[in-house]
Amino acid sequence: MDFNLNMDQEILRDSVRKFAESEIKPVAGELDKKEEFSYDTMRKMAELGLFGIVVPEKYGGQGMDYLSYIIATEEVARVDGSHAATIAAGNSLGIAPIQYFGTEEQKQKYLPKLCSGEALWGFGLTEPNAGSDASNSSTTAVLDGNEWVVNGSKIFITNASTKISAGVTALCRTGTRDDGRPELSCILIETDTPGYTTKSMHDKMMWRASNTSELYFEDCRVPKENLLGPRGSGFHQMMQTVDGGRLSIGAMGLGGAQGCYDMALKYSEEREQFGRPISKFQVNAFKLADMALAIESARLLLYKACWLRDNNMPFSMEAAMAKLSCSELMHDCANHAVQLHGGYGLMKEYDVERFYRDQKLLEIGEGTSEVQRIVIARHIGAL
Ligand SMILES: Cc1cc2nc3c(=O)[nH]c(=O)nc-3n(C[C@H](O)[C@H](O)[C@H](O)COP(=O)(O)OP(=O)(O)OC[C@H]3O[C@@H](n4cnc5c(N)ncnc54)[C@H](O)[C@@H]3O)c2cc1C
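A quick note: this is a predicted structure, and the numbers were derived from the prediction, not measured.

Draft legend 1. Representation of the site of the ligand. Neighbouring residues of the ligand: 18 residues in total, closest Thr126, Ser132, Phe156, Thr368 and Glu370. Contacts to the ligand include Phe123, whose backbone N or O atom sits 2.8 Å from a nitrogen atom. Contact between the ligand and Thr158: a nitrogen atom at 2.8 Å from a side-chain N or O atom of the residue. Elements represented by at least two residues in the shell around the ligand include exactly strand E3 (147–158) and helix H10 (369–379).

Draft legend 2. Representation of empty space enclosed by the protein within the structure. Scanning the entire structure with this criterion turns up four cavities of 30 Å³ or more. The calculated volume of the largest cavity comes to roughly 60 Å³. Lining the largest cavity, in full, are Gly29, Asp32, Lys33, Lys348, Tyr350, Asp351, Glu353, Arg354 and Arg357. Counting only elements with at least two residues in the lining of the largest cavity, the list comes to helix H1 (7–34) and helix H9 (351–362). Sort the elements by how many residues they give to the lining of the largest cavity and H9 lands first, with four residues.

Draft legend 3. Seen up close, the layout of surface pockets. Here the largest pocket defines a volume of roughly 1100 Å³. Lining the largest pocket are 42 residues, and of these Thr126, Ile364, Gly365, Glu366 and Gly367 sit closest to its centre. Here the element with the most residues in the lining of the largest pocket is helix H6 (residues 234–270); it accounts for six residues. Here the lining of the largest pocket is composed, by residue class, of 24 nonpolar, 12 polar and six charged. Estimates place the volume of the second largest pocket at around 600 Å³. Around the second largest pocket sit 17 residues that line it, and Asp2, Phe3, Leu67, Tyr303 and Trp307 are the ones nearest its centre. Listed by contribution, the elements that provide at least two residues to the lining of the second largest pocket are H1 and helix H7 (282–310). Of the residues forming the lining of the second largest pocket, the biggest block, seven residues, is contributed by H7.

About the thresholds
- Residues numbered from 1 in each chain as written.
- Predicted model: local features only at pLDDT ≥ 70, side-chain atom pairs only at ≥ 80, totals over all residues.
- Heavy atoms only, no water.
- Near = heavy atom within 4 Å.
- Polar contact = N/O pair within 3.5 Å; in protein donor to acceptor, adjacent residues only side chain to side chain.
- Helix = DSSP H or I, 4+ residues; strand = E, 2+ residues; numbered from the N terminus.
- 1 Å grid on protein atoms, 1.4 Å probe; cavity = no way out; pocket = protein on both sides within 12 Å on 5 of 7 lines; lining within 4 Å.
- Points joined across faces, edges and corners; volume = space filled by probe spheres on them.
- Nonpolar A, V, L, I, M, F, W, Y, C, P; charged D, E, K, R; others polar.

No statement about biological role is implied by the geometric values presented.
Put into structure tokens, the structure is as follows:
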């Protein structure tokens, strides 16, 4: 076994860490307060190569492995959840379905601009009545001549209503199977398609500088060739995409937890009460020790899941484990970090307050913690 990162991964980690500290950290609090998606940091993240990290170079990507992508996401999450969300959704949810299931023509058409950061792409799975029960999609697509006619809506879709959002991969009912169950297919719908409208969602508790949208399709006519992969394989494609996405949510949990720990350690060494730093009270020192231990354990689990993926081995259960473990890790670390900051931790002036809010999505998005337990329980045969 080799626990060392390779040289490319080390270089990537260092450069993303430096970038996140100098370009994102100083603006993250203000963007969160103003609920503003930053095109400026988006451009800078793209220039650094943070979109299309695992996409082959011939489509404009970096051609790196999945662990590299996870490390980059982790480093951004260490300073801000919203920016990490833009990257994670951009790569795992926007780019991945086209990269893995698209035709050569679709890849040539969309991947270069998604990898350069010129455009973003949404992943339209969730609907008002189809959340955890994602296969209960009621958005329909009916073939009429050479076009799909799409009707329905999606909710909570990341990166889908920015000025540079070029489209969405939408899961649609395209018919009924022989066994009576719905036939589900993915269709690529470009933003400027007549009948397609988006509405940004505001007043989120968390990820306030990330873009989240409702999508509406009203007799939206899309070319027949915008079907992604074989007809009827949409749900399978979405679930495979979500397996990779869960690793990036894991990276956000791990990076966020590391950020909380870093802030908590620094603050507890500086803050004095009863004539000594609060870190010197055993109860607090043990809290910090527990955080360090849990972070190290979760990192091993997440990186192992990435290693399985990079070596083309099944990783679905490990992705669910890593997502569950890292999101609950950040929950605990954010809670401890705010506690160690005392009253100051409740003030927006301190980044730890934002981390405390941002953490919550990780236990809900891309399958809630309950859903991850269901996935794991099925894999081990308990359900
Ligand atoms: C900021 C944000 C960004 C998002 N980005 C995207 C995106 O880009 N694309 C996308 O498609 N979706 C996105 N989502 C949607 C997200 O994936 C869903 O919110 C999530 O899957 C949960 O669905 P729901 O909100 O409908 O909750 P529900 O499914 O209604 O769940 C409510 C509660 O019931 C529990 N529950 C449900 N079923 C079971 C069960 N069988 N057993 C036990 N408990 C159960 C859940 O665990 C949860 O606690 C985003 C959400 C948010 C908030």
